[in-house]
Amino acid sequence: MSRETVSHDKDGVIYEFAPEMDAVRTVESGTQLTVETRDSLDGVIQENDDLLEQIPDEVNAATGPIAVEGAEPGDVLKVEIEEVRVAEDRGRVVTTPGFGLLQDDEDVEAPFTQITPVDGEQIRYGDLAVDIEPCIGTIGVAPADETYSTLVPHDHGGNLDTNDMTTGTTAYFPVSQAGGMLAMGDSKAAMADGEMCGTGAEIATDIDITVELISAPAFALDRPLVDTGEQWKTIASAETMEEASKLAHRDALRLLEAKHGFSRTEAHTFGSLVGGLEISQVVDPLVTVRNALPSEYVSSPF
């Protein structure tokens, strides 16, 4: 099957996930795509002297949305992320006034920019080398009711800043609107869990994916889910770390219940033996947490 290309330049981008959106492309289930994305700051930052004085009104351009034929509310959209490739010769790490985990620390300079040139399979931070491990920062579908900026993560996905959205993993999203309306962008050449300063090494990418529709699944998906091959990870976003952790844990319990026939108490206690809470990001309007369950204890619920 030939691979179609969806481009930020030729097809379009969104800066918010809304219940009603016009698709830039409609594809069949099983379609292979290459999604071309631009860096989250729209190319504004190219040198160390380029500074971000404030978060733009439009940020994290997400290429799309892409409609999948036949997708209806209650379905699940499966996205195989086959490869994420950097598509420019530099990334950029920035601080912005009033943004980031240490936004009130007087010893942390803001605004600040560090360009990270691509050097083979690494990026350079000054004299230091960091392996390129590209991931998709913003990826999601049309939400059920409210409109969310591409800066905001929620049950539809959005700005999850989860480094498991990368080559070789499979992501699942709950369909809330006809067509699903998948969009993605805001990629990073490298990013640590937490994204503490407010960015990773922001960079343009080409993303090879296969989209597949799971119609009327037996397992109702409320929030994004990712299969890394070694672990199944529930992903949840909320105003506090505690609430996001509870949501991600409850979603993990449902996976254990479906697999083993556990009661909620059994799933809760077993999950406390084998699961593991991980921090995706702590800098967006909502924080994002995931709960990782080893694949030996969980299989696909669909």
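Anything mentioned here points back to the structure above.
The present account deals with the structure reproduced in this document. Model, not experiment: these values are computed from the prediction.

1. So, the pairing of strand S16 (residues 169-174)
For step 1, the next point in the chain: Most of S16 is tucked away, with six of its six residues classed as buried.
For step 2, the next point in the chain: Burial of the side chains of S16 extends over both faces: Thr 169, Ala 171 and Phe 173 are buried on one face and Thr 170, Tyr 172 and Pro 174 on the other.
For step 3, the next point in the chain: In this sheet, S16 lies alongside strand S7 (residues 76-86) in antiparallel orientation, the contact comprising six bridges. Within S16, the position partnered with Lys 78 by the bridge is Tyr 172.
For step 4, the next point in the chain: Relative to strand S19 (residues 225-227), S16 runs antiparallel, the two sharing three bridges. Within S19, the residue paired with Ala 171 across the bridge is Val 226.

2. Digging into the side chain of Thr 288
For step 1, the next point in the chain: Structurally, the position occupied by Thr 288 is in strand S22 (residues 287-294).
For step 2, the next point in the chain: Using a relative accessible area of 0% as the deciding quantity, one classes Thr 288 as buried.
For step 3, the next point in the chain: Among the polar contacts listed, one links the side chain of Thr 288 to the side chain of Ser 237, at a separation of 2.8 Å.
For step 4, the next point in the chain: The residues contacting Thr 288, other than those within four sequence positions of it, are Pro 153, Asn 159, Leu 160, Thr 162, Ile 235, Ala 236, Ser 237, Ile 279, Ser 280 and Gln 281.

3. A word on the sheet that holds strand S18 (residues 205-214)
Backbone hydrogen bonds are what pair the strands of a sheet, in a parallel or an antiparallel way.
For step 1, the next point in the chain: Within the open sheet, the nine strands sit side by side as S1-S5-S18-S7-S16-S19-S20-S22-S21. Their pairing is mixed. The two strands at the open ends of the sheet, each matched to only one other strand, are strand S1 (4-7) and strand S21 (277-281). This sheet shows a mean twist of 30 degrees between the axes of neighbouring strands, independent of strand direction.
For step 2, the next point in the chain: Here four bridges tie S21 to S22, and the two strands are oriented antiparallel to one another. Across the sheet, residue Leu 277 finds its bridge partner in S22, namely Asn 291.

4. Notes on the pattern of salt bridges
Pairs may arise between side chains of opposite charge once their charged atoms sit close together.
For step 1, the next point in the chain: Within the structure shown, the criterion is met by 25 salt bridges.
For step 2, the next point in the chain: For Glu 212, the salt bridge is made with Lys 78, and the minimal N-O distance between the two is 3.9 Å. Here Glu 212, found in strand S18, pairs with Lys 78, found in strand S7; they are 134 residues apart in sequence, far enough to count as distant.
For step 3, the next point in the chain: Overall, Glu 212 belongs to the partly exposed group, its relative accessible area being 32%.
For step 4, the next point in the chain: Across the pair Glu 278 and Lys 233 runs a salt bridge whose closest N-O atoms are separated by 2.9 Å. A residue pair is termed long-range when its members are at least 10 positions apart, and Glu 278 in strand S21 and Lys 233 in strand S20 (residues 231-238) qualify at 45 residues.

5. Side note on the side chain of Asp 284
For step 1, the next point in the chain: Along the chain, the position of Asp 284 falls in the loop between S21 and S22.
For step 2, the next point in the chain: Of the buried charged residues, Asp 284 lacks a salt bridge, with Lys 188 as the closest side chain of opposite charge at 7.8 Å.
For step 3, the next point in the chain: One polar contact links Asp 284 to Asn 159, side chain to side chain, over a distance of 2.9 Å.

Thresholds applied
- Residues numbered from 1 in each chain as written.
- Predicted model: local features only at pLDDT ≥ 70, side-chain atom pairs only at ≥ 80, totals over all residues.
- Heavy atoms only, no water.
- Buried < 20%, exposed > 50% of the residue type's maximum accessible area, 1.4 Å probe, protein only.
- Helix = DSSP H or I, 4+ residues; strand = E, 2+ residues; numbered from the N terminus.
- Pairing = 2+ DSSP bridges.
- Polar contact = N/O pair within 3.5 Å; in protein donor to acceptor, adjacent residues only side chain to side chain.
- Contact = heavy atoms within 4.5 Å.
- Axes fitted to C-alpha atoms, helices over the stretch in contact; angles between N-to-C directions.
- Salt bridge = Lys/Arg side-chain N within 4 Å of Asp/Glu carboxyl O.
- Lys, Arg positive; Asp, Glu negative; His and termini not counted.

The values are spatial; any link to function lies outside them.
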